[in-house]
Amino acid sequence: MSRNLFLGACLSSLVVLAALISFVWTPYDYSALSIPEKLQPPNVEHWFGTDHFGRDMFSMIMVGARTSIAVALVAVGIGMALGVPLGLTAAARKGSWLDEVIMRGNDLVFAFPSLVIAILITAVFGAGAINAIIAIGIFNIPVFARITRGAALSLWEREFILAARVSGKGAARISVEHILPNVANLLIVQGTIQFSLGILAEAGLSYVGLGAQPPTPSWGRMLADAQTMVSFAPHLALIPGVAIIVTVLGLNLLGDGLRDWLDPRIRVARA
């Protein structure tokens, strides 16, 4: 196991563990207000201090991890569930009108960043975590479609695909039985990377008020609330900022380590 994979797995597991524990236990009620205890620095009772409403920051970070992971996980799932079949279809029909329609549709989605898509969705349906999931998920679809198509095109020229054609298998069956298993490693690595980007996107959307709405804690919302109090309560911004950094760093290291671990050429070279 590479150092990146081990370190990334440890950091990611720490965040996931905090999110899972928050379902059954937090040191304090994250929604309970206590004005007399507001803006306390980190201490024995409140490990990460309290915010401007007296809420426990450690409890909010735990629940915020749950929010970020849920949004990013579902958004990546939407991207993979729709993008991978589109990429396989485009590769199987290379040069056809269907290939052109799929890829030009991907270009159209790429022209609108997730923040712009979120603003459009919010203008119609209102702000919320569900709309953030939809916006990030829509942006992930062309990412997975392009990667799947690019990896599949090189496989369609291989001898084992020719053998499958000779045996009478159709394009759809070949894509599922032969192409998809051979691009799964690449999709797993890309999914890890998109997961980290999804957490960043969720934090950015929450920062501008388009993500999870109060009283549900969100790391991006915590940063937005802290921006006017950094001078006298820096822990309000530092703690959620460090949480985002640790999570994204862990996922990126995990993705880099998985790429090396799943690539047989790198394993052979190291051996």
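Report follows, based on the coordinates.

What counts and how
- Each chain has its residues counted from 1, running along the sequence as written.
- In view of the model being predicted, local features appear only for residues whose pLDDT reaches at least 70, and side-chain atom pairs are presented and counted only at 80 or more, with totals across whole chains, interfaces and linings using the full set of residues.
- As a convention, hydrogens and water are excluded, and side-chain values are obtained from all of the structure's heavy atoms.
- What counts as a ring pair is set by centres within 6.5 Å for rings of Phe, Tyr and Trp (its six-membered ring), and what kind of pair is set by the plane angle: stacked under 30 degrees, edge-to-face over 60, tilted for all other angles.
- Helical segments are the DSSP runs of H or I of at least four residues, strand segments are the runs of E of at least two, and each set is numbered from the N terminus.
- For a helix, the expected span equals 1.5 Å multiplied by the residue count minus one.
- We define the bend at any residue as the angle between the axes fitted to the seven residues before and including it, ending there, and the seven starting there.
- Helix axes are fitted only over the stretch in contact, all axes being lines through C-alpha atoms; the angle between N-to-C directions runs from 0 to 180 degrees.
- The scheme is simple: roughly parallel for angles under 35 degrees, roughly antiparallel for over 145, roughly perpendicular for 65 to 115, oblique for anything else.
- Whether a crossing is left-handed or right-handed is set by the direction in which the near helix is turned from the far one by less than a right angle, anticlockwise for left-handed and clockwise for right-handed.
- Should any heavy atoms of two residues lie within 4.5 Å, those residues are counted as being in contact.
- The nonpolar class holds Ala, Val, Leu, Ile, Met, Phe, Trp, Tyr, Cys and Pro. Asp, Glu, Lys and Arg form the charged class, and all remaining residues, Gly among them, are polar.

What to know about the packing of aromatic side chains
Part 1 of the argument: According to the stated counting rule, one finds three aromatic pairs in the structure shown.
Part 2 of the argument: Ring centres 5.1 Å apart and planes at 65° place the aromatic pair W47 and F58 in the edge-to-face group. With W47 in the loop between α1 (3-21) and α2 (57-92) and F58 in helix α2, this residue pair connects regions lying 11 residues apart in the sequence.
Part 3 of the argument: Plain terms: the ring middles of F110 and F139 are 6.0 Å apart, the flat faces sit at 90° to each other, and that makes the pair edge-to-face. Placement of F110 in helix α3 (residues 97-110) and of F139 in helix α5 (residues 129-155) is noted, with a sequence separation of 29 residues between them.

Examining helix α7 (residues 171-207)
Think of an α-helix as turning once every 3.6 residues; residues three or four places apart then point the same way.
Part 1 of the argument: For α7, built from 37 residues, the straight-helix expectation of 54 Å at 1.5 Å per residue is missed by more than 12%, its first-to-last C-alpha distance being only 45 Å.
Part 2 of the argument: When the local axis directions of α7 are compared, the greatest deviation, roughly 50°, occurs at L180, which is followed within four positions by the proline P181.
Part 3 of the argument: Phi for G209, located one or two positions after α7, is positive at around 85°.

Focus: the packing of helix α4 (residues 114-125) against α5
Part 1 of the argument: It is the contact of α4 with α5, at a shortest axis distance of 9 Å, that shows an interaxial angle of 140°. The angle between α4 and α5 falls in the class oblique. Two packed elements cross with a definite hand, and for α4 against α5 that hand is right-handed. Contact residues: α4 offers S114, I117, A118, I121 and F125, while α5 offers N131, I134, A135, I138 and F139.
Part 2 of the argument: Taken together, the residues of the contact of α4 with α5 break down into eight nonpolar, two polar and no charged.

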